[in-house]
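Each chain, written out:
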Amino acid sequence: MKGFGILKGLGVTLKHLVDTYVEDIKAGRDRYYTEDGVRQRMTSDTKGIFTINYPEERLPLAEAFRYVPFLVYDEGEDGERSIRCTACGICSKVCPSQCIWIERAEDPETSKPLKTPAEFAIDIDLCMNCGFCAEYCPFDAIKMDHDFELAVYDRIDVNIHRKERLLKPASYYASIRPESYALEQKAKAEVAARKAARRGNR
Amino acid sequence: MNDQTTVMNKNYQKILERFPHDVQVDEREGYSGLLIEANQLLSIMETLRDEYEYDFLTSVTGVDYLPDEKMEVVYHLFKSTGGSILEVKVQVPRSNPVVPSLVGLYPGASFQEREAWDLLGIRFEGHPNLTRILMWEGFAGHPLRKDWIETFFEGDVKPYEDRWPEGKVSKVETTNPYGKNITYPDGFNPETWIPDSEDLLFQGSTVVKVEQEETGIETEQLVVNLGPQHPSTHGVFRMVATLEGETVLDLEPVMGYLHRNHEKIGERNTFSMNMPYTDRLDYFCSMSNNFGYALTVEKLLGEKYQPPERAQYIRVIMAELTRILNHFMAIGFFLNDLGAYFTPALYAIKERELILDIFEAVAGSRMMCNYYRFGGVVRDLPGGIEEQIRKLVYDRLPRQTDEMDRYLVENEIVIGRSQDVGILTPEQAIAFSAVGPVLRASGVPYDIRRADPYSIYDRFDFDVAVRYHGDVYDRFLIRFDEIRQSIRILQQAIDDLPEGEILANKPAYKFRIPKGESYGRVEGPKGELGYYVVSDGTDNPWRYHVRAPSFINLTGLREMCLGEKVADLVAILGSIDIVLGEVDR
């Protein structure tokens, strides 16, 4: 029968429409603007339309999610910052878009190079968020961020992130990537224990 | 491996005996294939096509060997019945690079020869329309030549020296002022320039009066530009159609609006830096793009860098998920092109979102995945993802595919618009080097996963989807078939997924890539995605070429459109499923 195919198709759209409302009524107020509601709408059992109403609602970000990089510093007990970066330059060498500039600090008296950056700049207009810098950093000093809301009015000045802007505490890193942080801490503890044992043997 | 080599040598032997003076085996270190004298190319290629069944010329490209003062044209030949590669090369002096055109034998070479002329300045004698295809006429020089240097130049290869240890940041705009960053060819004035071949087209719609020979009646031909700004072209792509009434008499695809010279960028990068750049070719299918590039470089790196079992399975899972999401998008947007405004497209996007959630958790990004590495993948699947994939491939995706099927396939309007429209016969499809769903919808059961298996595809049980009419409707249906086959592969892969390592070597950003060349190809969602990489033993590739399926599938577009109505053009283009990031590179 001519027209049957169209009717069948219209049946599918009707089902989608009904599904959405049935789900809404069933879940009541819990479906929207709640964390559980968002999570439910992300599973494969979800029915009907599952739009997330950004910015009122947000998708929970996966731990692996990566956006522009930041530098990690450890906080000492007296609030002193110790920057993990040693200015070795690996991140600026692996960067595909060459958006990282590092100026190595010098000892003011002997003018020997120090293991810390005097200046560290990332042009985030160039950054393609590939994550290579974080991947290959041997000191866990540069990591990819979760903060993706970086729209600005003046990109020329603001979109070059310099050292002060890039530095974030290790506790922040631990809060966005708890699993990787735990793994890294474990590995560090093992290395430290091995060193201590070797010293003890001697 | 050995069997293949002996078969290969036998083939070589026959060809060598046949043409003792004009054919040599390429014996450079790391190279393979045959070197042919330019003046004998046509006759030898005709013999290869007609007697040795190498009827499928997938890739044509050039390499600039500046130190040897030579230009080389590389042809990658396959049999449309399956099997491994036959590489044919022609070397010509760099000062006067002229090679006979193969368009008469393999019409599929047409766009690729134009591209080689455009980017490398190799002239193909006998090509009916040897004009620039990606760059514009006001461009000076041939950018892929090794001695061509752009106006804004930081260095031959990355990493650039001013980044460390005394890095002083500066914005690109300050060193590259607008208006001063361009050079024109001698005697070229952009203000007065009117393109001679296209002067009709730039005036918009133009009427040409033609007197019909038989009847003496005067009719009017109309030239219509569809695009570059047109929602149906999926980006900035232009079709110049000559119409008589509503019938298409001639059609010329115009592209290059999104050209960024991906290959020049790739030759400046180190090998590993290219991985995130491949994401940006076909931005729906970054996982497949990564896959092809990783395979190609692993061929150069050798046995030591073969990925471990778990990585192989993860790679296949990600590539097949990509195929499913791409085909959902293709179906949805094809319906958009037919005029079903966005409801089917959004149903398709819904399923895509669920797959992208997985990519985000696994790779860290929804579209620009950058997930594959030489010798494996970058990180293991996070906890819970396996379960999520299992639910998708066993439950949701089969169900939603059936629902899409119910929703669209029997729809009389879809059938009316697409059946018997834009037909490509099997012979034409092979001749035009069409690949992927376009080729298989024309009745040629050629799928690289079967014809020349790579990775671990020989372990899975699946059918090669094939349809026989070659019209728009079949190209639409075959995407459903392929989704179903991908789901079958995924179900097997997720069940067999072993535990273990995910990287063959220690994570490294620098590789010692041996000298040589390598052509790797995967069956991407849009067809054969090939990479041709030449290494000269340094950190950066000497040549990096992408054989883009969307680009080469457009070669047959004119043939599909001739004699059709103007309203069908959009449907035909939609059924090929192009992505401009890949067409223009």
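Residues numbered from 1 in each chain as written. Chains lettered and ligands numbered in written order. Predicted model: local features only at pLDDT ≥ 70, side-chain atom pairs only at ≥ 80, totals over all residues. Heavy atoms only, no water.

Within chain B one finds 20 helices and 18 strands. Here the C-alpha radius of gyration of chain B, 24 Å, is about what a compact globule of 585 residues would show, namely 25 Å. Referenced to the eigenvectors of the C-alpha coordinate spread, the extents of chain B come out at roughly 80 × 60 × 60 Å. Out of the 585 residues in chain B, the part that is buried amounts to 60%. Relative to all contacts within chain B whose residues are 6 or more apart in sequence, the contacts with residues 24 or more apart total 68%. Split by element, the accessible area of chain B, about 22900 Å² in all, is 51% carbon and sulfur. (Helix = DSSP H or I, 4+ residues; strand = E, 2+ residues; numbered from the N terminus. Rg over C-alpha atoms; globule rule 2.2 N^0.38 Å. Buried < 20%, exposed > 50% of the residue type's maximum accessible area, 1.4 Å probe, protein only. Contact = heavy atoms within 4.5 Å. Areas by Shrake-Rupley, 256 points an atom, 1.4 Å probe, with all protein chains shown as cover.)

Looking now at the interface of chain A and chain B. Tallying the contact residues gives 55 residues for chain A and 56 residues for chain B. Connecting chain A to chain B are six salt bridges. Among the salt bridges present, the one from Glu403(B) reaches Lys15(A), with a minimum N-O distance of 3.5 Å. Our enumeration of links across chain A and chain B arrives at 29 residue pairs in polar contact (both at pLDDT 80 or more). Going through the elements one at a time, helix H1 (4-27), helix H3 (90-94), strand E3 (100-106), strand E4 (113-123), helix H4 (132-136) and helix H5 (155-158) of chain A are the ones with two or more residues in the side of chain A that touches chain B. Sort the elements by how many residues they give to the side of chain A that touches chain B and H1(A) lands first, with nine residues. Among the residues making up the side of chain A that touches chain B, the classes are represented as 29 nonpolar, 13 polar and 13 charged. (Salt bridge = Lys/Arg side-chain N within 4 Å of Asp/Glu carboxyl O. Polar contact = N/O pair within 3.5 Å; in protein donor to acceptor, adjacent residues only side chain to side chain. Nonpolar A, V, L, I, M, F, W, Y, C, P; charged D, E, K, R; others polar.)

Residue and element names in this part refer to chain B. One open sheet accounts for three strands, arranged E16-E17-E18; its pairing is antiparallel. At either margin of the open sheet sits one strand with a lone partner, and together these are strand E16 (516-524) and strand E18 (541-547). Across the sheet, the mean angle from the axis of one strand to that of its neighbour is 10 degrees, orientation sign disregarded. Taken together, the six bridges between strand E17 (residues 527-535) and E18 define a ladder with antiparallel strand orientation. Among the inter-strand pairings, Ser535 is bridged to a residue of E18, identified as Pro541. Of the strands in this sheet, E16, E17 and E18 are in contact with helix H8 (residues 286-301), which crosses E16 at around 150 degrees. (Pairing = 2+ DSSP bridges. Axes fitted to C-alpha atoms, helices over the stretch in contact; angles between N-to-C directions.)

Membership of the largest hydrophobic core comes to 176 residues, with the highest contact counts inside it found for Tyr75(B), Met318(B), Tyr371(B) and Phe476(B). Looking at this core, the element that brings in the most residues is helix H9 (residues 309-338) of chain B, giving 14 residues. With residues near it in sequence (within four places) discarded, Met318(B) still touches Met287(B), Phe359(B), Val362(B), Tyr371(B), Tyr372(B), Leu381(B) and Ile389(B). One finds Val68(A), Tyr73(A), Cys99(A) and Leu166(A) within the second-largest nonpolar core, a separate group that totals 23 residues. (Core = buried A, V, L, I, M, F, W, Y, C linked by side-chain atoms within 4.5 Å.)

Moving on, we come to the pattern of salt bridges. Residue and element names in this part refer to chain B. In the structure shown here, the tally under the stated rule is 66 salt bridges over all chains. Across the salt bridge formed by Arg543 and Glu267, the nearest N and O atoms sit 3.2 Å from each other. Residue Arg543 is located in strand E18, and its partner Glu267 is located in helix H6 (residues 262-268); the two are separated by 276 residues in the primary sequence. Judged on exposure class, the residue Arg543 and its partner Glu267 are both buried. Among the ionic contacts, a cluster of salt bridges with common partners joins Glu320, Arg323, Arg440, Asp447, Arg449, Glu482 and Glu523.

A word on unusual backbone geometry. Cis geometry is adopted by the peptide bond preceding Pro55(A), which originates at Tyr54(A) and carries an omega value of 5 degrees. The residue Pro55(A) is located in the loop between helix H2 (35-42) and strand E1 (67-75) in this model. The omega torsion of the bond from Trp164(B) to Pro165(B) falls at 5 degrees, within 30 degrees of zero and hence cis. Checked against the element boundaries, Pro165(B) lands in the loop between strand E7 (123-125) and helix H4 (172-175). In the Ramachandran plot, Gln98(A) falls in the positive-phi region, its phi being about 55 degrees despite a non-glycine side chain. Topologically, Gln98(A) is positioned in the loop between H3 and E3. Located in the positive-phi region is Glu53(B), a residue other than glycine, with phi close to 65 degrees.

A few words now on the domain arrangement of chain B. Where interface size is given, it is often the accessible area lost as the parts come together that is meant. Residues and elements named next belong to chain B. Here chain B is partitioned into domain 1 (3-125) and domain 2 (262-584). Computed over C-alpha atoms, the centres of domain 1 and domain 2 are 27 Å apart. Contact with domain 1, which involves 37 residues of that partner, is made by 28 residues of domain 2. Taking both partners together, domain 1 and domain 2 bury about 2500 Å²; carbon and sulfur atoms supply 61% of that area. The interface formed by domain 1 and domain 2 contains one salt bridge. Linking Glu517 and Lys89 is a salt bridge whose minimum nitrogen-to-oxygen distance equals 2.9 Å. Inspection of the region where domain 1 meets domain 2 yields eleven residue pairs in polar contact (both at pLDDT 80 or more). For the side of domain 1 that touches domain 2, the secondary-structure elements that each account for two or more residues are strand E3 (56-65), strand E4 (70-78), strand E5 (86-93) and helix H3 (110-120). Counting residues per element, the side of domain 1 that touches domain 2 draws most heavily on E3, at ten residues. Across the side of domain 1 that touches domain 2, the residue classes tally to 15 nonpolar, 14 polar and eight charged. (Domains from an automatic or database assignment. Buried area = accessible area lost by both parts, 1.4 Å probe.)

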